[in-house]
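# Architecture and fold: a report
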Amino acid sequence: MMLTACNGIMGGLYDEDNGGNTYDNDAVSVHGTLYVDASSWTDWYYIDLHAIRDSIVKGAEPDLTFEPWPIPTEETASFDQEGSGIYTYWYDIFGEGVTKREYRSAYPTAKQPEPEQWDIAVHRNNVRTNGGAAAETNGTDMTDDKALTPYTTDMTGDEVNESDVWTISEKMIQSLIGNQRIKVNPVLSRWLTMEIPPMPPAFMQNDHVFLLRMKDNTYAALRLLNYISPTAVKCCLTIEYRYPVLIEN
C-alpha cells in the first residue's frame, strides 16, 4: 500500500507513527487494493475506508476481513416506512433478457442490518453508499487529483431499487426472482453489469475510476480491477482504492 501526503484536506491534526515521526493525520492519502468475495446472493459486505486509512497511517494492520451481513427474508407483519421487503419480478430470461420484467408480488421484511461505521457496501454487482454520492470518470488514473476534481459537480446519490438486488433464486427456473428493496447507487453499480441472455449470465467490467463523495464531504477514488476469483467464481471483487482524494474548490 502507498502513503501520500494530500496537503489541504482538513489539515492541522497531528499524530505520531510507531517510529515517533510526526505526520498530518488528515492529510495522508492511502492507495491500495481490497478483495471482497461478494458472490453470495444472500449477504451484503461493508467496507469502511475511513478505518482502513486510519489503521495504515498509524502503522497498524487494517482489518480486511469483510463479514457477511444477511439480507432479511423472513416476512414481518407490515411494511416499514422505507418499504423494506422482498419484491418478486418475472424476468424474460429466455427471451429479450432481464431488462424486460414484470412485477409479481411483495412482502415486508425487517430493514437491512448494517454496522455502525461504513462507507460502501457490495452485493454481487450491486453497490450502496452510506449517505454518499458517486460519479464515473472517463479515465483510469487514480492519482490525478486535477482530473478527478471536475466530476464533483455531477454526482449521483443512492436510489430505491426493487428489481436488481437478486436475493431469492428458488423459482428462477420459472423466471421468478425475489429482490431486496433497498437503496443502491446506480453509478457505482455500473462498475460491473450483468447481461442475460446469454445463459449463464455474462458480466461486463467497467475499469473507469469512480469518484465517491462520503457523507462527511471527503472523497475517495475507486476502480474495479477484477471480478473473478482465482477459482473462477464471479462477483469476487478486487477493488483499487485511494482515500482521501484532494479536491480543489
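For the structure itself, look to the data block above.
A brief structural summary.

Conventions adopted
- Residues numbered from 1 in each chain as written.
- Predicted model: local features only at pLDDT ≥ 70, side-chain atom pairs only at ≥ 80, totals over all residues.
- Heavy atoms only, no water.
- Helix = DSSP H or I, 4+ residues; strand = E, 2+ residues; numbered from the N terminus.
- Buried < 20%, exposed > 50% of the residue type's maximum accessible area, 1.4 Å probe, protein only.
- Contact = heavy atoms within 4.5 Å.
- Areas by Shrake-Rupley, 256 points an atom, 1.4 Å probe, with all protein chains shown as cover.
- Pairing = 2+ DSSP bridges.
- Axes fitted to C-alpha atoms, helices over the stretch in contact; angles between N-to-C directions.

## Regarding the overall build of the protein chain
Assigned secondary structure in the protein chain consists of 2 helices and 21 strands. The 249 residues of the protein chain split such that 50% are buried. Partitioning the contacts of the protein chain with sequence separation of at least 6, the portion at a separation of at least 24 is 66%. Here the protein chain displays about 12,300 Å² of accessible surface, and carbon together with sulfur accounts for 48% of that area.

## Quick look at the sheet that holds strand S5 (residues 43–47)
Pairing is antiparallel in the open sheet, where 4 strands are placed in the order S6-S5-S9-S10. Lying at the two open borders of the sheet, with one neighbouring strand each, are strand S6 (68–70) and strand S10 (126–129). If you compare each strand with its neighbour and ignore which way they point, the axes differ by 30 degrees on average. Alignment of S5 against strand S9 (residues 120–123), held across 3 bridges, turns out to be antiparallel. The residue bridging Tyr 46 from the neighbouring strand is Ala 121, located in S9.

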